[in-house]
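# Architecture and fold: a report
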There are 4 protein chains.
Amino acid sequence: MTTPHVNSESLERLESEVRTYSRSFPTVFTRARGATLYDENNKEYIDFLAGAGTLNYGHNNPKLKKVLLDYMMDDGLTHGLDMWTTAKRDFVEALEELIFKPRGLEYVVQFCGPTGTNAIEAALRIARNATGRTNVVSFTNAFHGVTLGALAATANGKFRHAAAMPTQGVSFMPYCGYMEGDSSSLAFLEKTLTDNSSGVDLPAAILLETVQGEGGINVASIEWLEGIDKICKKHGILLIVDDIQTGCGRTGKYFSFEHADISPDIVTTSKSLSGYGLPFAAVFMKPELDQWKPGEYNGTFRGNNLAFVTSTVAMREYWANDDLAKEVTRKGTVVEYRFKQLARMYQDAGIEAEERGRGLMRGLDIVKGDLADELVAECFEQGLVIETCGPDGQVVKCLCPLLITDDELNKGLDILEAAVEKQLKALAAK
Amino acid sequence: MTTPHVNSESLERLESEVRTYSRSFPTVFTRARGATLYDENNKEYIDFLAGAGTLNYGHNNPKLKKVLLDYMMDDGLTHGLDMWTTAKRDFVEALEELIFKPRGLEYVVQFCGPTGTNAIEAALRIARNATGRTNVVSFTNAFHGVTLGALAATANGKFRHAAAMPTQGVSFMPYCGYMEGDSSSLAFLEKTLTDNSSGVDLPAAILLETVQGEGGINVASIEWLEGIDKICKKHGILLIVDDIQTGCGRTGKYFSFEHADISPDIVTTSKSLSGYGLPFAAVFMKPELDQWKPGEYNGTFRGNNLAFVTSTVAMREYWANDDLAKEVTRKGTVVEYRFKQLARMYQDAGIEAEERGRGLMRGLDIVKGDLADELVAECFEQGLVIETCGPDGQVVKCLCPLLITDDELNKGLDILEAAVEKQLKALAAK
Amino acid sequence: MTTPHVNSESLERLESEVRTYSRSFPTVFTRARGATLYDENNKEYIDFLAGAGTLNYGHNNPKLKKVLLDYMMDDGLTHGLDMWTTAKRDFVEALEELIFKPRGLEYVVQFCGPTGTNAIEAALRIARNATGRTNVVSFTNAFHGVTLGALAATANGKFRHAAAMPTQGVSFMPYCGYMEGDSSSLAFLEKTLTDNSSGVDLPAAILLETVQGEGGINVASIEWLEGIDKICKKHGILLIVDDIQTGCGRTGKYFSFEHADISPDIVTTSKSLSGYGLPFAAVFMKPELDQWKPGEYNGTFRGNNLAFVTSTVAMREYWANDDLAKEVTRKGTVVEYRFKQLARMYQDAGIEAEERGRGLMRGLDIVKGDLADELVAECFEQGLVIETCGPDGQVVKCLCPLLITDDELNKGLDILEAAVEKQLKALAAK
Amino acid sequence: MTTPHVNSESLERLESEVRTYSRSFPTVFTRARGATLYDENNKEYIDFLAGAGTLNYGHNNPKLKKVLLDYMMDDGLTHGLDMWTTAKRDFVEALEELIFKPRGLEYVVQFCGPTGTNAIEAALRIARNATGRTNVVSFTNAFHGVTLGALAATANGKFRHAAAMPTQGVSFMPYCGYMEGDSSSLAFLEKTLTDNSSGVDLPAAILLETVQGEGGINVASIEWLEGIDKICKKHGILLIVDDIQTGCGRTGKYFSFEHADISPDIVTTSKSLSGYGLPFAAVFMKPELDQWKPGEYNGTFRGNNLAFVTSTVAMREYWANDDLAKEVTRKGTVVEYRFKQLARMYQDAGIEAEERGRGLMRGLDIVKGDLADELVAECFEQGLVIETCGPDGQVVKCLCPLLITDDELNKGLDILEAAVEKQLKALAAK
């Protein structure tokens with residue numbers, strides 16, 4: 001197979017070295033639809049990355065696209081700061097009707113800058129102001145963004161080191177499963193918070209992902225989540241669920257925390273919130289926490305009107321009933337089954353691989369980052385875009401669109417399986 | 001005049017108290033074109049706010065819109081993380097050809113999260129890593145965003161207080177004109193940096209706006225800018241120009257720093273960069289500063305492909321020659337003339353009003369925030385959207401689209417003048 | 001028994017509410033000798049507090065006193081900043097000959113401000129400069145002083161809260177025994193430091209007390225100390241032993257870390273270093289860490305000449321052989337035996353009391369702070385000064401002079417036992 | 001003249017490189033009395049350094065010495081933590097009677113750790129807790145100590161850099177005379193504090209020295225001090241006077257702030273407070289600020305009983321009337337006259353030297369640090385110990401004992417003058 005020409009000279013010359021995905025997937029893409037990407041050479045790729053969880057409804061979802069194009073052709077507001085628009089009103093009303101009310105949730109909505117990290121910054125500020133406390137508890141392997149306030153809650157040393165100055169205001173505690181025995185990290189947290197001499201100041205909030213995405217598809221057990229919720233209530237600590245990657249149906253429920261009997265005080269959401277890959281983020285908070293004064297937290301692109309439009313369609317199309325949720329669970333089981341098979345293949349070769357995940361957020365931990373990189377490269381060659389995560393990049397991660405067809409899903413999994421077989425054969429030959 | 005009904009019950013109920021522009025402009029907007037906004041009652045408003053400088057080419061600019069719709073209809077990538085796309089390649093090539101080369105600039109481009117504050121966070125990190133120093137000098141009345149790293153460089157106490165924890169790593173110095181005599185703030189800065197015992201640690205960078213937008217349309221003189229540049233070079237300090245609000249032609253040049261003979265090491269840009277109101281931001285830096293390791297600074301929405309498309313069109317349409325720049329200068333003179341007249345009207349009434357600005361970034365300082373609020377409310381009633389800025393909200397700010405027609409511009413100015421007359425008459429009657 | 005008059009009106013009126021020991025021991029003391037305190041009413045008290053471990057050689061030790069008075073009468077320098085004096089030379093030579101050489105230690109000595117907290121601040125700075133890292137690991141229940149840098153490493157919320165601002169640069173980890181199973185805290189620490197995504201940045205140093213004094217007489221096992229030492233060496237982390245309270249023979253060796261096979265990079269010492277209760281502190285560091293530039297860390301009272309004199313005598317009198325060390329061990333066994341008996345008495349009454357300690361640093365944990373306060377008050381009434389420690393003040397602590405006579409020791413223990421009996425009788429009567 | 005042997009091998013080997021005065025004065029001292037130091041070779045030195053202002057009453061003042069020796073021989077408590085002693089009671093009563101009452105001051109006293117930096121840490125904490133604000137204003141060239149909290153308020157980069165981490169919670173403003181025109185720094189400060197958008201958060205306190213010692217004998221004018229006091233009262237900011245070096249009569253009044261009509265809320269004192277060179281420090285605060293809870297700020301050596309004894313004698317001997325204050329003023333005039341002559345000698349040689357000072361705190365600024373070092377070395381050779389200060393070490397500083405005899409004072413000044421003449425002759429010869 002000859003490698004087709006990639007016309008990337010100007011990109012390599014003009015773009016900062018910070019670029020990363022173009023290194024794993026070195027081609028120039030032109031268009032995309034559903035779960036498929038196309039490059040300049042018209043090569044097709046199944047997309048198991050999906051904007052790192054941003055494209056739950058697929059690329060350029062036709063239902064959303066239609067309404068969006070109509071809105072744009074009619075000169076609906078593209079940019080309106082945080083002024084009121086019909087698009088925003090439709091959005092908040094759909095959110096209340098289709099998301100909050102059926103789940104018995106009562107939240108007010110803050111439109112912050114349209115990225116997850118901005119939502120985290122806002123959430124931390126809300127919690128600190130409401131409690132008068134500075135400290136926040138975050139967890140090992142957590143990723144919450146890289147602006148300085150969110151970075152303080154991000155565990156990975158790569159990002160932390162790049163700040164070139166110490167962060168502050170966050171204490172890290174072991175996530176579910178980090179210490180031996182699920183309950184031990186809860187017991188340690190409870191002891192730490194009860195003990196006035198633990199060095200961990202009583203926090204304003206506990207901030208968590210129910211499944212850690214960047215951190216390696218680490219899944220918090222339901223018991224652990226409910227244990228955290230109890231600790232929060234006992235000590236008067238706010239619970240912030242960062243549902244940026246796990247939300248919008250990714251785990252088989254609209255909110256990832258619905259799997260457990262817990263009640264977050266603050267929820268951050270972004271990524272698939274617009275449903276169309278448009279920058280968008282919001283913070284949902286219990287009304288009594290909404291102590292902002294007008295304009296205290298601002299940003300030029302808060303309240304992206306194009307995103308209001310597509311997000312509203314997405315809610316009405318996909319969340320008026322539980323059909324999609326069921327589909328996610330069903331497809332998740334497929335991926336789980338296949339990943340478990342792959343894990344066994346590695347185990348048979350002496351590599352302690354492991355499958356982990358919830359819903360359509362699935363990881364295959366193959367222990368070594370270089371093996372995972374090799375796998376990703378082979379998959380890309382064969383037409384599958386899939387990324388790695390975890391502290392050593394040792395976890396191959398499936399975040400495919402929730403609406404992926406069974407054919408596409410199976411085709412992607414087949415490519416991955418073939419790549420695994422090839423890798424294991426090569427390893428055996430050594 | 002009867003106030004038409006505003007259907008905002010759900011918005012008021014569901015949106016956080018942090019909302020701000022919907023308080024000044026309490027109506028529900030439906031569509032917008034060029035310099036005109038329309039609300040649900042079909043009332044028209046001239047837009048002197050223009051997304052706080054985000055809509056330099058007007059709302060839904062038809063030239064940009066056409067290409068954008070074509071791209072979207074063809075299923076061009078909407079979201080691609082930081083993967084290579086044809087849209088991105090077109091963008092960097094246009095940027096090099098039309099913006100960098102003609103100005104003799106050699107920069108590499110970092111696509112950060114699509115908001116100004118994310119760009120500032122990246123810029124500060126670049127400077128700190130490149131120099132190994134932590135401190136950064138920012139200025140009185142500076143506004144650089146509200147995420148924690150950027151907030152540290154934002155002077156306004158309203159935003160700072162909302163962080164609910166101390167910021168660090170920034171020393172504030174008096175901006176041009178803050179102290180009596182333009183040169184005095186330069187002399188003070190120079191003394192402070194030369195003196196190892198000033199308490200101001202040698203900074204990694206000096207971060208500035210050439211015209212402070214949120215801070216009250218404070219205009220740095222050319223001499224002051226060149227003085228800062230000299231100080232930077234003398235002490236080995238990097239110069240970061242925050243061109244987020246002042247860039248993309250706002251002041252009559254593409255970059256606001258082109259008015260002076262200076263050479264910023266890092267430039268942050270956002271707001272009108274997409275040309276269409278789409279969330280987008282970038283950092284331009286001298287190649288030797290590009291010491292990022294892959295992925296050290298990330299974000300889901302870095303590299304907004306729809307914005308690449310419109311931004312490329314905007315550059316090709318408006319920056320292939322200097323026609324627009326000249327138009328901005330001409331229209332700026334019109335606003336300057338009218339604002340000076342208004343200032344004199346206030347002065348005649350004993351209020352020490354002042355006109356300030358550069359290009360189409362113009363302010364009318366009427367000393368008291370409550371007077372400015374009253375003026376804004378009357379203008380809104382009469383069909384003009386215009387906002388205030390400055391520490392006490394005492395400066396009425398014109399940030400109209402650069403492409404505004406002379407008719408619209410004059411109509412807006414006439415509304416403002418009538419409002420001023422009404423206010424002064426009422427004051428005289430007291 | 002009638003309470004004798006205490007003439008404290010002026011003291012109560014003029015001294016800040018921060019005063020603490022005068023609340024537990026509300027009398028006015030006049031003189032002291034060895035292990036005995038005398039108040040204005042000529043009442044005698046056995047001293048089990050001994051300046052919180054500052055008076056290892058007793059109050060006004062006659063051997064030290066004689067040489068000190070001679071020095072003072074001859075107009076030896078009282079204050080000499082950090083100039084060279086014969087007193088300082090005698091001190092460093094005795095230190096080398098009697099302390100460093102016999103133990104195979106090679107350290108240089110920094111004379112910092114004459115308090116433990118100043119020594120900790122210096123030690124942290126040495127470690128941060130030598131490694132270029134900011135973070136430091138400290139432990140649950142640690143106490144290292146209250147100036148801001150040391151406070152960051154102090155776990156107790158009472159002190160931390162009083163700072164009225166967040167501290168930074170320290171991560172707290174569980175001390176030996178804090179989690180169930182001695183080895184678990186080591187395993188957790190090792191995992192945390194190995195894992196680049198734990199949120200705990202690779203530290204410059206690990207800072208520890210071998211027995212936590214203020215924290216509640218928590219004794220690190222020898223295995224744990226050696227485990228920490230191994231972790232430090234493996235990861236290139238400096239080991240700082242805070243021997244301020246545990247040093248100068250308190251645990252039965254001159255340095256408390258001699259019980260384990262470890263080699264601290266930096267040692268902080270104060271309290272009993274002068275031997276006479278005079279303010280004095282020093283930092284011992286491996287020569288390669290001595291990267292200070294002249295005068296970078298200063299202080300008016302660094303190098304207390306009167307303390308040099310008494311400290312030199314103390315070393316020559318008590319550390320030329322191991323007689324004192326053996327005596328400490330023997331007396332420690334006595335206290336241990338008696339405290340274990342008392343613990344059993346509480347256990348028989350259903351209170352899960354526990355004896356803990358090493359050498360003559362012994363605690364009786366009776367679980368509840370109010371019980372301990374009651375005990376201390378009764379002891380004071382009966383002529384024994386003894387204090388509490390631990391997060392809830394629930395540990396009665398014996399820090400009697402190392403030179404206490406057997407008679408005095410037994411008398412003090414008898415008073416304590418009688419107080420315990422009285423308390424348990426009263427509890428039983430309820 | 002042959003240089004006598006200096007027996008310093010062990011000192012050079014065992015003491016940290018941080019040592020500083022032993023570099024300027026490379027001999028081994030044995031004893032001292034009044035204003036005279038003696039070294040091992042029996043060489044005499046007039047002492048114009050006097051423990052950097054710690055020995056206002058001279059070395060081993062016989063009146064203090066007698067009472068101190070009696071106290072020690074009677075086994076008065078040397079160390080008593082913060083328990084009540086007769087020595088402490090005598091001290092607070094003398095303080096009230098002789099210092100507070102005659103000056104109309106109503107303060108309560110906190111005994112903190114016995115060094116200036118501990119007092120500053122306490123003072124900052126008091127101010128932050130009382131106001132609920134974090135920020136503190138300090139000034140260019142300020143020196144307040146090197147523990148982390150005090151270091152944040154210390155301007156000199158040498159000390160700040162050694163911290164190896166950023167400090168926080170302090171904004172630096174120009175001290176009196178730093179900017180051209182005395183009033184300009186006041187106007188700038190007032191504008192900065194009034195303007196909510198200056199970047200300087202409303203501070204808990206303004207912390208200042210009335211004459212900056214380490215910073216170069218910079219003298220705040222009376223008008224400036226009174227201007228600061230007005231600003232504090234207007235904005236509800238606490239005024240902290242750091243009287244550690246300037247207090248105890250050094251400037252010709254007991255407290256240095258008595259020269260101005262101001263009323264500090266908090267005063268820090270140390271150095272000459274004991275009168276005998278013993279480590280001692282205290283914080284005086286208005287009673288309503290004493291919001292400490294017992295034990296929130298502690299330290300082993302708070303309340304040095306030996307220092308209580310000598311301090312009480314010093315107050316009764318020297319502050320029962322204003323004889324000493326007058327003497328200080330008179331001798332200060334002598335030094336001022338002589339230093340002005342020396343300044344003119346330098347000016348005649350083209351060096352813009354300047355005399356500065358108040359009372360017996362006098363500086364001769366000779367512009368260049370290397371000239372000052374040369375001068376100090378020559379003085380030492382000729383039997384005068386005198387040090388330099390200022391950001392470049394360019395100010396020769398006279399801090400001789402207040403009780404120095406006229407003969408000694410003149411002898412010291414003569415040595416200095418001869419050294420100046422020698423230096424100028426050598427310069428002229430080049």
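Residues numbered from 1 in each chain as written. Chains lettered and ligands numbered in written order. Predicted model: local features only at pLDDT ≥ 70, side-chain atom pairs only at ≥ 80, totals over all residues. Heavy atoms only, no water.

## Digging into the pattern of salt bridges
- This structure, assessed with the given rule, holds 128 salt bridges over all chains.
- Across the salt bridge formed by R362 of chain C and E336 of chain C, the nearest N and O atoms sit 3.9 Å from each other. Here R362 of chain C is found in strand β15 (residues 361-365), whereas its partner E336 of chain C is found in helix α12 (residues 323-348), with 26 residues between them in sequence.
- Here the residues in one salt-bridge network are E327, R330, K331 and D406 of chain A, joined through shared partners. (Salt bridge = Lys/Arg side-chain N within 4 Å of Asp/Glu carboxyl O. Helix = DSSP H or I, 4+ residues; strand = E, 2+ residues; numbered from the N terminus.)

## Here's the deal with unusual backbone geometry
All names here are of chain B.
- In this structure, D75 is a non-glycine residue whose phi angle is positive, near 60°.
- Mapped onto the elements of the fold, D75 is located in the loop between α4 (62-73) and α5 (86-100).
- Assessed through its relative accessible area of 10%, D75 is described here as buried.
- In the Ramachandran plot, I217 falls in the positive-phi region, its phi being about 50° despite a non-glycine side chain.
- Within the secondary structure layout, I217 lies in the loop between β8 (211-212) and β9 (218-219).
- I217 gets classed as buried once you look at its relative accessible area, which sits at 0%. (Buried < 20%, exposed > 50% of the residue type's maximum accessible area, 1.4 Å probe, protein only.)

## Describing the packing of α5 of chain B against helix α11 (residues 305-318) of chain B
Residue and element names in this part refer to chain B.
- Relative orientation of the contacting elements α5 and α11 amounts to 30°, with a least axis distance of 8 Å. With respect to their mutual orientation, α5 and α11 come out roughly parallel. Judged by the twist between their axes, the crossing of α5 over α11 is left-handed. Facing A87, K88, D90, F91, A94, L95, E97, L98 and I99 of α5, the residues of α11 in contact are N305, F308, V309, S311, T312, M315 and R316. (Axes fitted to C-alpha atoms, helices over the stretch in contact; angles between N-to-C directions. Parallel < 35°, antiparallel > 145°, perpendicular 65-115°, else oblique. Left-handed = near helix turned anticlockwise from the far one by under 90°. Contact = heavy atoms within 4.5 Å.)

## As for the relation of the copies chain B and chain A
- When chain B is fitted to chain A, the residual RMSD is 0.0 Å, and the transformation amounts to a turn of 180° plus an axial shift of 0.0 Å. Taken together, the rotation and translation describe the operation of a two-fold axis. Residue L148 of chain B of chain B places its C-alpha closer to the rotation axis than any other residue of that unit, at 2.6 Å. (Least-squares fit on C-alpha atoms with pLDDT ≥ 70 in both.)

## A word on the interface of chain B and chain A
- Tallying the contact residues gives 109 residues for chain B and 109 residues for chain A.
- Here chain B meets chain A over a buried area of about 9,800 Å², counting both sides, of which 61% is carbon and sulfur.
- Among the residues of chain B in contact with chain A, L14, W84 and F301 of chain B are the three that bury the most area, contributing 10% of the side total.
- In this structure, the connection of chain B to chain A is made through 10 salt bridges.
- For the salt bridge of E40 of chain B with R89 of chain A, the shortest nitrogen-to-oxygen distance reads 2.4 Å.
- On inspection of chain B and its partner chain A, the count reaches 52 residue pairs in polar contact (both at pLDDT 80 or more).
- Among the residues forming the side of chain B that touches chain A, the class breakdown is 49 nonpolar, 34 polar and 26 charged.
- Across 2 bridges, strand β4 (residues 84-85) of chain A lies against strand β1 (residues 28-33) of chain B in parallel orientation. (Buried area = accessible area lost by both parts, 1.4 Å probe. Polar contact = N/O pair within 3.5 Å; in protein donor to acceptor, adjacent residues only side chain to side chain. Nonpolar A, V, L, I, M, F, W, Y, C, P; charged D, E, K, R; others polar. Pairing = 2+ DSSP bridges.)

## Overview of the packing of aromatic side chains
- For the structure on display, the rule yields 98 aromatic pairs over all chains.
- For the ring pair F139 of chain B and Y175 of chain B, a centre distance of 5.9 Å and an interplane angle of 70° mean the geometry is edge-to-face. Taken together, the positions of F139 of chain B in strand β5 (residues 136-139) and Y175 of chain B in the loop between β6 (170-173) and α9 (182-194) put the pair 36 residues apart, joining distant regions of the chain.
- Geometry around Y178 of chain C places K191 of chain A over its ring, the cationic atom sitting 4.3 Å from the centre. (Phe/Tyr/Trp six-rings, centres within 6.5 Å; stacked < 30°, edge-to-face > 60°. Lys NZ or Arg CZ within 6 Å of the ring centre and 35° of its normal.)

## What to know about the packing of helix α4 (residues 62-73) of chain C against helix α4 (residues 62-73) of chain D
- Where α4 of chain C meets α4 of chain D, the closest approach of the two axes is 11 Å, and the angle between their N-to-C directions is 170°. Taken together, the axes of α4 of chain C and α4 of chain D are roughly antiparallel relative to one another. Facing α4 of chain C, whose interface residues are K65, L68, L69, M72 and M73 of chain C, α4 of chain D presents K65, L68, L69, M72 and M73 of chain D.

## Overview of helix α10 (residues 222-235) of chain D
All names here are of chain D.
- A rise of 1.5 Å per residue sets the reference length of α10, with its 14 residues, at 20 Å; its end C-alpha atoms lie 20 Å apart and thus fit the reference within 8%.
- Regarding α10, the residues found buried are W224, L225, G227, I228, D229, I231, C232 and H235.
- The positive-phi residue at the C-terminal boundary of α10 is G236, with phi of around 70°. (Expected span 1.5 Å × (residues − 1).)

## Looking at the nonpolar core
- Counting 458 residues, the largest nonpolar core has I206 of chain A, I206 of chain B, I206 of chain C together with I206 of chain D as the members making the most contacts within it.
- For I206 of chain D, the residues in contact, after removing those within four places along its chain, are V137, F139, L189, L193, I228, I231, C232, I237, L238, L239 and I240 of chain D. (Core = buried A, V, L, I, M, F, W, Y, C linked by side-chain atoms within 4.5 Å.)

## Digging into the side chain of T312 of chain B
- Secondary-structure assignment places T312 of chain B in helix α11.
- Setting aside its immediate chain neighbours within four residues, T312 of chain B contacts A87, D90, F91 and A94 of chain B.

## A few points about the sheet that holds strand β14 (residues 354-358) of chain A
All names here are of chain A.
- One open sheet holds the 4 strands; their spatial order is β14-β15-β18-β17, and the pairing between them is antiparallel. The sheet terminates laterally at β14 and β17 (387-389), the two strands that pair on one side only. Taken over all neighbouring pairs, the strand axes of this sheet differ in orientation by 30° on average, direction set aside.
- Note: β17 against strand β18 (residues 395-398), 3 bridges, orientation antiparallel. Across the sheet, the residue bridging to T388 is V396, located in β18.

## Details of the sheet that holds strand β7 (residues 170-173) of chain A
Residues and elements named next belong to chain A.
- The 7 strands lie next to each other as β5-β13-β12-β11-β8-β6-β7, forming an open sheet whose pairing is mixed. Taken across any chain shown, the strands that pair with only one partner, and hence form the sheet edges, are β5 (108-111) and β7. Here the strands of the sheet are splayed against their neighbours by 20° on average, with no regard to which way each runs.
- Examined bridge by bridge, strand β6 (residues 136-139) and strand β8 (residues 205-208) share 2 bridges and lie parallel to one another. When the bridges of β8 are listed, V137 appears paired with I206.
- The strands that helix α6 (residues 116-131) touches are β5, β6, β7, β8, β11 (238-242), β12 (266-269) and β13 (282-285); relative to β11, the one it contacts most, it runs at about 175°.
- The strands touched by helix α10 (residues 222-235) are β6, β8 and β11; relative to β8, the strand with the most contacts, the crossing angle is about 160°.

## Looking at helix α12 (residues 323-348) of chain B
Residue and element names in this part refer to chain B.
- A rise of 1.5 Å per residue sets the reference length of α12, with its 26 residues, at 38 Å; its end C-alpha atoms lie 38 Å apart and thus fit the reference within 8%.
- Residues L324, A325, V328, K331, G332, V335, R338, F339, L342, A343 and Y346 constitute the buried set of α12.
- Those residues of α12 that are buried lie in contact with α11, β13 (354-358), β14 (361-365), α13 (369-381), β17 (395-398) and α14 (406-429).
- In the segment just after α12, G350 is the residue with positive phi, at about 85°.

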